[in-house]
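Here's the letter readout for the chains.
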Amino acid sequence: MLTVRTSPHDHDSISTDKAMLYVVMALLPSALWGCVMFGFRAVLVLLVSIASSLLTEWLLGKMNKENTLLDYSALVTGLLIGMNMPPSIPLLIPVLASLFAIFVVKWTFGGLGCNWANPAIAGRVFVFFSFSSLMSKFSTPWVLKSSAELVSSATPLSALKMEISSGLSSEAILSASGVPVSGIAASLSSSMGINPYVVDEFLGFASGCIGEVSALLLLAGGLFLIFKKVISWRIPTCYILSYAILQWVFGGVRGGNGLCSGEVLLPILSGGLMLGAFFMATDWVTTPTTPKGEIIFAVGCGLFTFIIRCFGSLAEGVSLAILLMNMVSPTIDRFCKAKKFGYVKPPKKEKGAKA
Amino acid sequence: MLNIATFKRGGVHPDDMKRLTKDKAVERLPLPGELYVSMSQHLGAPATPLKAKGDRVEKGEVIGKASSFISADVHSPVSGSVVDVRKVRLATGANADTLVIKPDQEQPDSFKTAFDWRSQSKEEIQALVKEMGIVGMGGATFPTSVKFSVPTGKKVEYLVINGVECEPYITCDYRLMLENTDDLLEGAMIAAKAVEPEKIVIGIEMNKMDAAERLDKRAKELGYPIEIQPLKMKYPQGDEKQLLKAVTGREIPSGKLPLDIGCIVCNTATTYAIFEAVKYHKPLFERRITVSGECINEPKNILAPIGTPFSSLIEYCGGMKDGVYELVSGGPMMGFDVPDESVPMVKGSGGLLALPDKKKGLTFPCVSCGKCVQHCPMGLMPNRMFRNIKNGNYAEAMALGLMDCKECGCCSFSCPSHIDLVQGFKLGKKMGRKK
């Protein structure tokens, strides 16, 4: 009648499956926003990614005679892959990304907890390099479409990347290359003098991948996860902060403006940085376990993101930076051991013995 | 009483659940029909029984003699007769000789004469503590006389009275602090006389601020040089390592004792037992215990003799509700499950909890979230130690600091994958020692 088991007999309310569901809940507002902005096509891409992810997981589970769908990690992977796709992508590509993520990155290495990289990121990077041109075709949100001429356009980041050496301000470059501005941003910019593109990126009226357009909603989701203690504040904060500092100090160099003149707000809010910092760089499995290790990991992510975005040939660096740091994460963990209690410096030990 | 201290590294915040019994005054249990007084009431060697089947015992009489240096005398809690001597398994798993005592209908009203301890010497007080079978009543049951025998050349700077009671549910120490404030403070003074510390501090967590204020007020009125140190709520602050870190800022080096950093820690219940032993020459044969949990009909704080079977306590508390999953002796974080209700109380039993299944949830593989690492108060890496133990690599686990683990349960408590880390460490220690 009575059960006998080892202590403790109580447990914190957090559990792996619940945490995964919290992540899904935190991602949903941004995903829905993407669907509103890009229409039915975006819904389709999200659904196909999720379905293919779950199906892969289920089929592989069949092979092992176990049901791993209940940890909801495949659901998170599928959703993240979908959110990392441009809305106009052919539907085969998210399927390939999900297959690669679940089968190659996760399952072959031993399933949940054994993957060497964040599956969603690895899947995205895999299809990004396999189908580069398709993956870089972005459609403009319908709000911004004044006429039908803009079916695919550059994201603010890629437009900036092309023209950065001209030495102009980002606002000038973007309006020169014809990136549209929403009505709200235009009115705010004329009344308060804020860069309209920053407003658009923050609120989510910009072209980009389905899930990364609204920095505001991603930030809200990230704060929800921190509040629910699913992720710690360390990785997102250190990641964004280190990137911001580097961008501010060295960001202007390429445009010929010298040190400490880089523009900070627009690069932080645009592209995959928000999504990456709050949802992909904070993956439990592929990040270091000690607080010190987490900070090193996050600063590394910031550094590589900056290097790739500023000096690399790609406009986007977030997923590559995180992938790179995922691979060194076990090494960071090896060298960042926690300080054990009661192992003090020798002089203090002597003092204790004397007393 | 101004600054609020705590230890820095690790720790968890379980729901303290003290509301169930916080306001229940301690009640004396009516004598049960039979008492099962085990000879293994303490850490160390079990006592040698002095009585056989059919013998008469008097209340407070020595019935078990300490068999080595780390051991303690056992006294009869009642006057009565020994019905049987047999092996009985305790909550901790110890299987020791146990005297089954049938109490008389009429019990003597002894141990009421007060003795003047102030005129006694340090050695006399220490001898009384040993004679009266005092052990640490916080759960570890380390013989207090051994703790108090300070080797020559060592100086005690701090005597820390542990009123933290960080285990959820348990409130018997809190009630003791509220109901027997003056006696407890006198007990601290007696202990201070025995070990001659430079400073006496009582550490209390913030959820017991009324007790802290009361102790502070009375200590000032009585003119005792006792300091009250409020502590932030955090488990496992009641562990002497964390408590000393919080109160004195010192860390006990790995494998050493509090005395090595000039401190002695004494639990509240123990301090009260010292008071009774030295002032009234009353041996340790009864204690306060909290009977609580979601599945107890009327949670209570009870004063019961040692050897009371848990069934009597549960009966006195109105029985158990349906849906009880486990019966825990001690607190929910470090207590031991008992297989049935016949298990008797010992000197270290501070709680008896009837709990529903609070660990419900699916078990997943380790996702290296690092929660165990970040919550470990000893700064260990439970995930790595566990992986090594699972693979049979006990030597590597020991190298990672397995022996510093005190099984406080912070890692298992916070593990989102519901991995039984503590169970692994208990096994790992046994296997590691073997080699």
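Criteria and thresholds
Residues numbered from 1 in each chain as written. Chains lettered and ligands numbered in written order. Predicted model: local features only at pLDDT ≥ 70, side-chain atom pairs only at ≥ 80, totals over all residues. Heavy atoms only, no water. Helix = DSSP H or I, 4+ residues; strand = E, 2+ residues; numbered from the N terminus. Rg over C-alpha atoms; globule rule 2.2 N^0.38 Å. Buried < 20%, exposed > 50% of the residue type's maximum accessible area, 1.4 Å probe, protein only. Expected span 1.5 Å × (residues − 1). Contact = heavy atoms within 4.5 Å. Buried area = accessible area lost by both parts, 1.4 Å probe. Salt bridge = Lys/Arg side-chain N within 4 Å of Asp/Glu carboxyl O. Polar contact = N/O pair within 3.5 Å; in protein donor to acceptor, adjacent residues only side chain to side chain. Nonpolar A, V, L, I, M, F, W, Y, C, P; charged D, E, K, R; others polar. Pairing = 2+ DSSP bridges. Domains from an automatic or database assignment. Axes fitted to C-alpha atoms, helices over the stretch in contact; angles between N-to-C directions. Left-handed = near helix turned anticlockwise from the far one by under 90°.

(A) Main features of the overall build of chain B. Each helix and strand counted, chain B has 13 helices and 17 strands in total. Taking 22 Å as the expected radius of gyration for a compact globule of 435 residues, we find that chain B reaches 21 Å, a close match to that expectation. Based on the C-alpha atoms only, the size of chain B along its principal axes is roughly 60 × 45 × 45 Å. For chain B, with 435 residues in total, the buried portion stands at 60%.

(B) Examining helix H15 (residues 291-311) of chain A more closely. The first and last C-alpha atoms of H15 of chain A sit 30 Å apart over 21 residues, in line with the 30 Å expected at 1.5 Å per residue. Residues Gly293, Glu294, Phe297, Ala298, Gly300, Cys301, Gly302, Thr305, Phe306, Ile308, Arg309 and Cys310 of chain A constitute the buried set of H15 of chain A.

(C) Geometry of the interface of chain B and chain A. Facing 68 residues of chain B, the contacting portion of chain A comprises 46 residues. Of all residues in chain B, the largest losses of buried area upon contact with chain A belong to Glu251, Lys359 and Phe413 of chain B, amounting jointly to 13% of the total for that side. Taken together, chain B and chain A are joined by four salt bridges. Across the pair Arg5 of chain A and Asp357 of chain B runs a salt bridge, and its minimum N-O distance is 2.9 Å. Counting the contacts that link chain B with chain A gives 25 residue pairs in polar contact (both at pLDDT 80 or more). Put simply, the parts of the chain that give the side of chain B that touches chain A at least two residues each are helix H6 (240-248), strand E15 (326-329), strand E16 (336-338), helix H9 (371-375), helix H10 (382-390), helix H12 (410-414) and helix H13 (421-434) of chain B. For the side of chain B that touches chain A, the residue count by class is 31 nonpolar, 18 polar and 19 charged.

(D) Inspection of the sheet that holds strand E7 (residues 80-89) of chain B at higher detail. Residue and element names in this part refer to chain B. If you trace the four strands from one edge of the open sheet to the other, you get E2-E8-E7-E4, paired in antiparallel fashion. Every interior strand has two partners, whereas the edge strands, strand E2 (35-38) and strand E4 (56-57), have only one. Pairing of E2 with strand E8 (residues 95-103) involves four bridges; the strand directions are antiparallel. In the sheet register, Ser38 faces E8, and the bridge partner there is Thr98.

(E) Expanded view of the domain arrangement of chain B. All names here are of chain B. Each assigned domain of chain B is listed with its residue range as follows: domain 1 (18-22 + 112-280) and domain 2 (371-434). Once you take the C-alpha centre of each, domain 1 and domain 2 turn out to be 30 Å apart. Taken residue by residue, the interface counts seven residues in domain 1 and six residues in domain 2. A buried area of about 500 Å², summed over both sides, lies between domain 1 and domain 2, and 50% of it is on carbon and sulfur atoms. Among the residues domain 1 hides against domain 2, the three largest losses belong to Tyr235, Pro236 and Gln242. Together they make up 61% of the total. The interface formed by domain 1 and domain 2 includes one salt bridge.

(F) Representation of the packing of helix H1 (residues 122-131) of chain B against helix H4 (residues 181-195) of chain B. All names here are of chain B. Running from N to C, H1 and H4 point in directions that differ by 115°, and their axes come no closer than 8 Å. Relative to H4, H1 is oriented so that their crossing is left-handed. Contacts between H1 and H4 involve Lys122, Ile125 and Gln126 from the former and Ile190, Lys193 and Ala194 from the latter. The residue makeup of the contact of H1 with H4, split by class, is three nonpolar, one polar and two charged.

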